[in-house]
Amino acid sequence: MIAFENRVVNGSQTLKWEAPYAISLFAVVVNWSIGLLIILPNDNINVLFIVSIFSIGLGSASTSWYRKIRYLQMGTVCLFFMPIIISLLTYNAHETFWLGITACFMFFGCLSTSHLSQKILTDHFELAYELRKSIKKTRILAHTDVLTGLNNRRAFFEMAPKILTTCQIHALPVCLVTFDIDYFKKINDAYGHIAGDIALQRIASLLIKNLRSSDVCCRLGGEEFAMLLPNLNLKKAMHTAETLRKIIAGMSIALPLQNHIAITASFGVSDIGDTIDELLNHADQAMYKAKNSGRNLVLAYTPELSARSNQIKTRKNLRL
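Residues numbered from 1 in each chain as written. Predicted model: local features only at pLDDT ≥ 70, side-chain atom pairs only at ≥ 80, totals over all residues. Heavy atoms only, no water.

Student: Got a sec to walk through the overall build of the protein chain? Specific residues and values, please.
Tutor: When helices and strands are counted, the protein chain shows 11 helices and seven strands. When the 320 residues of the protein chain are sorted by exposure, 39% land in the buried category. Within the protein chain, counting contacts between residues at least 6 apart in sequence, those at least 24 apart form 67% of the total. Summed over all atoms, the accessible surface of the protein chain reaches about 18300 Å², with 61% contributed by carbon and sulfur. (Helix = DSSP H or I, 4+ residues; strand = E, 2+ residues; numbered from the N terminus. Buried < 20%, exposed > 50% of the residue type's maximum accessible area, 1.4 Å probe, protein only. Contact = heavy atoms within 4.5 Å. Areas by Shrake-Rupley, 256 points an atom, 1.4 Å probe, with all protein chains shown as cover.)

Student: Outline the pairing of strand 6 (residues 265–270), supporting the account with residue identities and numerical values.
Tutor: Most of strand 6 sits inside the fold, with six of its six residues counted as buried. Of the two faces of strand 6, the one holding Ala265, Phe267 and Val269 and the one holding Ser266, Gly268 and Ser270 are both buried throughout. Here six bridges tie strand 1 (residues 174–181) to strand 6, and the two strands are oriented antiparallel to one another. Residue pairing for strand 6: Leu176 is matched across the bridge by Ser270. (Pairing = 2+ DSSP bridges.)

Student: Can you tell me about the environment of Lys235, naming the residues and giving the values?
Tutor: Examined against the element boundaries, Lys235 turns out to sit in helix 9 (residues 234–250). Classification of Lys235 by relative accessible area gives exposed; the value is 70%. Considered as a pair, Lys235 and Val269 are 34 residues apart in the sequence and their alpha carbons are 9.8 Å apart.

Student: An account of helix 7 (residues 184–191) is requested, with residue identities and associated values reported.
Tutor: All of the buried residues in helix 7 are Phe184, Ile187 and Asn188. Along the axis of helix 7, the buried residues cluster in a sector spanning 95 degrees; they form a single face. Exposed residues lying more than 90 degrees from the buried face of helix 7 are Lys185, Lys186, Asp189 and Ala190. For helix 7, the elements touching its buried residues are strand 1, helix 8 (193–210) and strand 5 (259–261). (Arc of directions from axis to C-beta.)

Student: Now, about helix 10 (residues 276–292): what can you tell me, with residues and values included?
Tutor: With 17 residues, helix 10 should reach 24 Å at 1.5 Å per residue; the first-to-last C-alpha distance of 24 Å fits that figure. Buried within helix 10 we find Ile276, Leu279, Leu280, His282, Ala283, Asp284, Gln285, Ala286, Met287, Ala290 and Lys291. Among the residues trailing helix 10, Gly294 stands out with phi positive, at a value near 120 degrees. (Expected span 1.5 Å × (residues − 1).)

Student: Break down the packing of helix 8 against helix 9 for me, citing the residues and quoting the values.
Tutor: The interhelical angle for the contact between helix 8 and helix 9, taken along N-to-C directions, is 140 degrees, at an axis separation of 11 Å. Of the possible angle classes, the one that applies to helix 8 and helix 9 is oblique. Helix 8 and helix 9 meet at a crossing whose hand is right-handed. Where helix 8 abuts helix 9, its residues Ile203, Leu206, Leu207 and Asn210 lie against Leu244, Ile247 and Ile248. Split into classes, the residues belonging to the contact of helix 8 with helix 9 amount to six nonpolar, one polar and no charged. (Axes fitted to C-alpha atoms, helices over the stretch in contact; angles between N-to-C directions. Parallel < 35°, antiparallel > 145°, perpendicular 65-115°, else oblique. Left-handed = near helix turned anticlockwise from the far one by under 90°. Nonpolar A, V, L, I, M, F, W, Y, C, P; charged D, E, K, R; others polar.)

Right under this line is the structure:
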């Protein structure tokens, strides 16, 4: 079944993984057939009946094996049936003769239906493979941003809390970084949404290339991205964000019609917060501060920054 989950089931490809199993199983049946001829009693009809029924049952069941190597299946059926049929027909008893005749009918029935059963089982496994493949693809799409290939918001909020909890349990530092592209609306207005899409895809490639495998990055929505950096203190997280900022600022993004654009991004970094929501909120505050301070900056969240933000909100409310 593991092979069916990971490989397309068609043609000769199946034989590459199935042949060793089929041949080894066939060898076991050969041993069974030889041993059966040796141990079958000549003077105990009860034991003969029991062994016969058991062997006939195995022979009938062998037709249900999924097998691209059909001659091995036919050989297995013959090895299960023939010793018993010969023993029953040659045993000098009325009861064994008719049981042997019944076994002959079952034997020919197994041969005639094996092709049909193989086709049904092949279709079943191919359908199961396609179903598993579709479910896996659906799960990936549900957690992936289609444009950039990064995690989407849903995936981020499923993975990030688990990583944060692990860091808290083991007393490891953890930081959250948010950033978005400066003047992104102007890019879309001036060059069209295709230009904006290309810029977002270049940013995504940059993140995939420069972040660690343990980091979790996502496109939160629009031109905003987030990164959870486990086992990284604020100083190192700031360095990572600054490195990304410089790379983005130095990029030249090629557009259709031989146009090129340069972009910048504003970053906010936070290591303060007991939950992902708190970390994200604090990083957002630092990011908006970076935007208000001229953009193309990396700023860290501090409690004083939050206090000033609350004062501004209070003043706005009083004016209203």
